[in-house]
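# A structural walkthrough
Spelled out, the chains give:
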Amino acid sequence: MIDFHVHQPRGNAYDAEAFVASMDALGVVLSVVFTYEGLLRPSPEANDSLAAWVGAAPERLVAFATVDPRDPHAAAEIERCVHVHGMCGVKLHPWLQGFSAHEPGLDLVCEAAASLRIPVLFHDGTPPFSTPLQLAALAERHPGTTVVLGHGGLHDLWREAAAAVLKTENVHLCMCATPGYAMRALVARCPLERLLFGTDAGLRPEPRQRYVALRVRQLDELGLDQRQRNAILTANPRRLLGDD
Ligand SMILES: [Zn+2]
């Protein structure tokens, strides 16, 4: 299983080795890790800190960079993170970072990501700035950029997230903190090749987080068949990470 939505713990409350042990207990072979503190204060230092944290277990952890899309150096910082740190994508949080999906700087971020062939994953599901159809509109302006809805619309907007996936081919959806009934409906409605799964591990200061195990159990309770599990948990994430 590949977990496509994990955070570096705030203040590096635990190290990568301890986290990898908790991945082993849940059957997670690879985690896609984002900063958390850097979402509050995007900076090259936050990206460097994330790179150092995942660097302790590079075969099990990959990192996504973050930037402030209003920063004129945002595209250059994404390129640096890919070329210097080997990062595999970009994570943005329009709600915490306080920008709308129509911010002009996002065009430069999307163009940089398309030319580097990396995905841009957005927090979604919390208005006013992170609604799935706002992000789908951005994706439509950038058909060469892979856009990921990082939370599948959460409780309130999962129907809208399904609509975003169905109307826009380059939109993918990570089921993460999406309620079980919504995950079931999303699997039934959305093209299988555009679904992913994540736990949002890293929001608590201990490496084994109870809610993470609960989310894996919720996934298991969907009763997915082998073809669905392979697509959502292995083939799709590997394709987005560029290693298929
Ligand atoms: Zn998250």
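Figured I'd write up the structure that's included with this text.

Conventions used here
Residues numbered from 1 in each chain as written. Predicted model: local features only at pLDDT ≥ 70, side-chain atom pairs only at ≥ 80, totals over all residues. Heavy atoms only, no water. Helix = DSSP H or I, 4+ residues; strand = E, 2+ residues; numbered from the N terminus. Buried < 20%, exposed > 50% of the residue type's maximum accessible area, 1.4 Å probe, protein only. Contact = heavy atoms within 4.5 Å. Donors = N, O, S within 2.8 Å, 3.2 Å for Na, K, Ca; no water. Core = buried A, V, L, I, M, F, W, Y, C linked by side-chain atoms within 4.5 Å. Pairing = 2+ DSSP bridges. Right-handed = clockwise from strand over helix to strand, strands pointing away.

### Remarks on the environment of Val 33
- The topology assignment puts Val 33 in strand S2 (residues 30-34).
- Among the residues examined, Val 33 registers a relative accessible area of 0% and is labelled buried.
- In the structure, Val 33 is positioned 17 residues away from Leu 50 in sequence and 8.1 Å away in space, judged by C-alpha atoms.
- In this view, Val 33 contacts Val 6, His 7, Gln 8, Leu 50, Trp 53, Val 54, Leu 61, Val 62, Ala 63 and Phe 64; residues no more than four positions away in its chain are not counted.

### What about the coordination of the zinc ion?
- Distances from the zinc ion to its protein donors, namely His 5 (NE2), His 7 (NE2) and Asp 200 (OD), fall within the range 2.1 to 2.2 Å.
- Expressed as a motif, the donor residue spacing for the zinc ion is H-x1-H-x192-D. The burial state of His 5 is the same as that of His 7; both residues are buried.

### Description of the nonpolar core
- Of all hydrophobic cores here, the largest spans 68 residues; its most connected members are Phe 19, Trp 53, Leu 61, Leu 92, Phe 122, Phe 197 and Ile 232.
- Those residues within four positions of Leu 92 in sequence are excluded, and the remaining contacts are Thr 66, Val 67, Gln 97, Phe 99, Leu 106, Val 109, Val 120, Leu 121, Phe 122 and His 123.

### What to know about the pairing of strand S3 (residues 61-65)
- Within S3, 5 of the 5 residues are buried, leaving the element largely enclosed by the surrounding structure.
- Neither face of S3 is exposed, since Leu 61, Ala 63 and Ala 65 on one face and Val 62 and Phe 64 on the opposite face are all buried.
- Examined bridge by bridge, S2 and S3 share 3 bridges and lie parallel to one another. Within S3, the position partnered with Val 32 by the bridge is Val 62.
- Strand direction decides the pairing type here: S3 and strand S4 (residues 89-92), joined by 2 bridges, are parallel. For Ala 65, the partnering residue across the bridge sits in S4 and is Val 90.
- Handedness of the crossover is the feature at issue here: the chain leaves S3, passes through helix H4 (residues 74-85), returns alongside S4, and the resulting connection is right-handed.

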